[in-house]
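Take a look at the letters that make up each chain.
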Amino acid sequence: PSPSSPPSPAPSVPGQCLVAVTITCMDADGVDCNAIPPRETDCFEEITYMYNLENIGDNSMDITEVLRTRGTDTADLISLVDPTTLAVGESAKVTETETVNFCTDGTFETTITAKADPPQGVPCEDTATYVLTVESSPSPSSPPSPAPSVPGQCLVAVTITCMDADGVDCNA
């Protein structure tokens, strides 16, 4: 999946608290994490998660909690939020790096939940999730080694080639 999509605008209620959370994930070259190709060498790559917290309501708000969950680990990131008080239309960004093994298949789900309080009214919250999927590509098949010749022995050679629906080699 690509970065989380922006939330649909909610109906406007005067003084309503609305916070929108989005997540993007990029490598050092600005490539979306889900577009990083699997590999067989140089497995470990540092990636950066960027969490954007935006006040989309019509009232200022104080961000009071930012929780990040990845696997079974939950971290409170409120100390990384600056500023924590957001005027209407303002946003705050939090970045976090992680090293991922791109040689091993895996799914890494990151969820951010932000809570905010307006000066008056009901607190609000929003949650966004980013799923990073690493899938190894199959290794190219190598031609079979010739079997020793034995008179009267039946020999079968099998070669496997992976092709997609358009006839393109899967390993290309």
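Structure: above.
Residues numbered from 1 in each chain as written. Predicted model: local features only at pLDDT ≥ 70, side-chain atom pairs only at ≥ 80, totals over all residues. Heavy atoms only, no water.

A. Seen up close, the pattern of salt bridges. The tally for this structure, following the rule as stated, stands at six salt bridges. A salt bridge links arginine 39 to glutamate 45, with the nearest nitrogen and oxygen atoms 2.8 Å apart. A residue is classified by how much of its surface remains accessible, and arginine 39, at 23% relative accessible area, is partly exposed. Between glutamate 98 and arginine 70 there is a salt bridge; the shortest N-O distance is 3.1 Å. On the criterion of sequence distance, the pair formed by glutamate 98 in strand β6 (residues 91-101) and arginine 70 in strand β3 (residues 61-70) is long-range, its members being 28 residues apart. Beyond isolated ion pairs, a larger network of salt bridges with shared partners links Arg68, Arg70, Asp73, Glu96 and Glu98. (Salt bridge = Lys/Arg side-chain N within 4 Å of Asp/Glu carboxyl O. Buried < 20%, exposed > 50% of the residue type's maximum accessible area, 1.4 Å probe, protein only. Helix = DSSP H or I, 4+ residues; strand = E, 2+ residues; numbered from the N terminus.)

B. Quick peek at the nonpolar core. Ile47, Tyr49, Met61, Ile63, Val66 and Leu132 are the most contacted members of the largest nonpolar core, which has 30 residues in total. Secondary-structure elements contributing two or more residues to this core are β1 (19-27), β2 (44-55), β3, β6, β7 (106-117) and β8 (124-134). Among the elements that take part in this core, β8 stands out by supplying five residues, more than any other. Every residue in contact with isoleucine 63, bar those within four places of it in the chain, is listed here: Val19, Leu53, Ile78, Thr84, Leu86, Lys115 and Ala116. (Core = buried A, V, L, I, M, F, W, Y, C linked by side-chain atoms within 4.5 Å. Contact = heavy atoms within 4.5 Å.)

C. Examining the packing of aromatic side chains more closely. This structure, assessed with the given rule, holds two aromatic pairs. With centroids separated by 6.3 Å and ring planes inclined at 15°, the aromatic side chains of tyrosine 49 and tyrosine 51 adopt a geometry described as stacked. Put simply, the rings of Tyr49, Tyr51 and Tyr130 pair up and form one aromatic cluster. (Phe/Tyr/Trp six-rings, centres within 6.5 Å; stacked < 30°, edge-to-face > 60°.)

D. A look at unusual backbone geometry. Geometrically, the link from aspartate 82 to proline 83 is a cis peptide bond, its omega value of 5° lying close to zero. Here the phi dihedral of aspartate 42 falls at roughly 45°; this positive angle occurs in a residue that is not glycine. Tracing the backbone through its elements, the reader meets aspartate 42 in the loop between β1 and β2.

E. Structural view of the state of the cysteines. According to the stated counting rule, one finds three disulfides in the structure shown. In this model, cysteine 17 is linked to cysteine 124 through a disulfide, with the two sulfur atoms separated by 2.0 Å. One disulfide, between cysteine 17 and cysteine 124, carries an S-S torsion of -45° and so falls in the left-handed class. Remark: cysteine 124 occurs in strand β8 and cysteine 17 occurs in the segment before β1; sequence separation between them is 107 residues. Each member of the pair, cysteine 17 as well as cysteine 124, is classed as buried. What pairs with cysteine 25 in a disulfide is cysteine 33, and their sulfur atoms sit 2.0 Å apart. (Disulfide = S-S within 2.5 Å.)

F. Examining the pairing of β7 more closely. For β3 and β7, the ladder comprises eight bridges, and the chain directions are antiparallel. Each bridged residue has a counterpart across the sheet, and for arginine 70 the counterpart in β7 is threonine 110. Note that β7 and β8 share eleven bridges and pair antiparallel. The residue of β8 that forms the bridge with glycine 106 is valine 134. Turn length for the β7-β8 hairpin, with the two strands adjacent in sequence and antiparallel, is six residues, and the turn residue glycine 121 shows positive phi of about 110°. (Pairing = 2+ DSSP bridges.)

Don't take any of this as a statement about function, it's just geometry.
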